[in-house]
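Remarks on the overall topology
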Amino acid sequence: MSKLKSSDKPFEISKRAVWEAYERVKAKQGAAGVDGQTIAEFEKDLKSNLYRIWNRMSSGTYFPPAVKAVAIPKTGGGIRVLGVPTVSDRIAQTVAARVLEEKVESIFHPDSFGYRRGRAPQDAVAWCRRRCWENDWVIDLDIQKFFDTVPWGLVVKAVEHHLDTDQRWVLLYVQRWLAAPLQHADGRVVDRNRGTPQGSAITPPTQWAISASR
């Protein structure tokens, strides 16, 4: 697929970037979103579906659908709500996420392993073991309901800080993804004004941007 952008598109997003995002989404598989479309069904008209994503993202007319809410019980009680985007939206998110990954990966703390490419849980365990030999203290820290309550303004400010001028389209779509409503199993569609659903492709890079900006 061509790397060239169409001259009548305001945003420079290559078709190759969309194709590579699709390959990453396909490798991870995952459940269908609110439209019920699986990856296999998406691939029945693959060329047209990928073109549609590229065309809308490049022209600034891409608007994400609602995110499917899936309640997962927590070990210590309560539930965690995961957000499952549609296959098309996961591909679009991955296009933007890859741009953010390239911007913040090199400046992120070397002791961070969560959701980072090329870093497995086994690597984190090995690093913890090494740190245990170097230090005789441990800090156990958790921000309660961070994903549920993080202010959108903080996310937008952090993402904007790490983008070049020609990458401002990422910020536009991050704002739209933040505002995408949640659709529950009973069909209820709930608007949100803060937080970001866990489980989307764009969520980890936006959190990295916040951390890297501090």
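Residues numbered from 1 in each chain as written. Predicted model: local features only at pLDDT ≥ 70, side-chain atom pairs only at ≥ 80, totals over all residues. Heavy atoms only, no water.

What to know about the overall build of the chain
Summing up its helical and strand segments, the chain has nine helices and four strands in all. Going residue by residue from the N terminus, the α and β elements of the chain occur as α-α-α-β-β-α-α-α-α-α-β-β-α. By the compact-globule yardstick of 17 Å for 214 residues, the chain fits well, its C-alpha radius of gyration being 18 Å. Residues classed as buried in the chain amount to 39% of the 214 residues present. For the chain, the proportion of contacts with a sequence separation of at least 24, taken over those separated by at least 6, is 70%. With the model as given, the accessible surface of the chain reaches about 12,800 Å², and the carbon-plus-sulfur share is 53%. For the chain, the centre of its 32 positive side-chain charges and the centre of its 24 negative side-chain charges are spaced 2 Å apart. (Helix = DSSP H or I, 4+ residues; strand = E, 2+ residues; numbered from the N terminus. Rg over C-alpha atoms; globule rule 2.2 N^0.38 Å. Buried < 20%, exposed > 50% of the residue type's maximum accessible area, 1.4 Å probe, protein only. Contact = heavy atoms within 4.5 Å. Areas by Shrake-Rupley, 256 points an atom, 1.4 Å probe, with all protein chains shown as cover. Lys, Arg positive; Asp, Glu negative; His and termini not counted. Charge placed at Lys NZ, Arg CZ, Asp CG, Glu CD.)

Some thoughts on the pattern of salt bridges
All chains considered together, the criterion is met by nine salt bridges. Across the salt bridge formed by R98 and E20, the nearest N and O atoms sit 2.8 Å from each other. Highlighted residues: R98 in helix α4 (residues 87-104) and E20 in helix α1 (residues 15-28), separated in sequence by 78 residues. For D164, the salt bridge goes to K103, with nearest N and O atoms at 3.1 Å. Residue D164 is located in the loop between α7 (152-161) and α8 (168-179), and its partner K103 is located in helix α4; the two are separated by 61 residues in the primary sequence. A relative accessible area of 37% places D164 in the partly exposed class. (Salt bridge = Lys/Arg side-chain N within 4 Å of Asp/Glu carboxyl O.)

Re the packing of aromatic side chains
Applying the stated criterion across every chain yields a total of seven aromatic pairs. Their ring planes at 50° and their centres at 5.5 Å tell us that Y51 and W54 sit as a pair that is tilted. Placement of both Y51 and W54 in helix α3 (residues 46-59) is noted, with a separation of three residues, approximately one turn of the helix. For Y51, a relative accessible area of 43% translates into the label partly exposed. Seen in terms of ring centroids, Y173 and W177 are 6.0 Å apart; in terms of plane orientation they differ by 50°. Their pairing is tilted. Highlighted residues: Y173 and W177, both in helix α8, separated by four residues, approximately one helical turn. The class of W177 is buried, set by a relative accessible area of 7%. Chaining the aromatic ring pairs together yields one cluster made of Y62, W169, Y173 and W177. (Phe/Tyr/Trp six-rings, centres within 6.5 Å; stacked < 30°, edge-to-face > 60°.)

Focus on the sheet that holds strand β1 (residues 67-73)
Pairing in this open sheet of four strands is mixed, and the strands run β2-β1-β3-β4 from one edge to the other. Lying at the two open borders of the sheet, with one neighbouring strand each, are β2 (79-84) and β4 (189-190). In terms of strand pairing, β1 meets β2 through six bridges, oriented antiparallel. Bridging from a neighbouring strand, P73 pairs with I79 of β2. (Pairing = 2+ DSSP bridges.)

Regarding unusual backbone geometry
The residue Q29 is not glycine, and still its phi comes out positive at about 60°. Position of Q29 among the secondary structure elements: in the loop between α1 and α2 (39-42).

A closer look at the environment of I53
On the secondary structure map, I53 appears in helix α3. Each C-alpha atom of the pair I53 and T196 lies 22 Å from the other, and the pair is 143 residues apart in sequence. If we skip the residues at most four places from it in the chain, I53 touches V18, F42, S88, I91 and A92.

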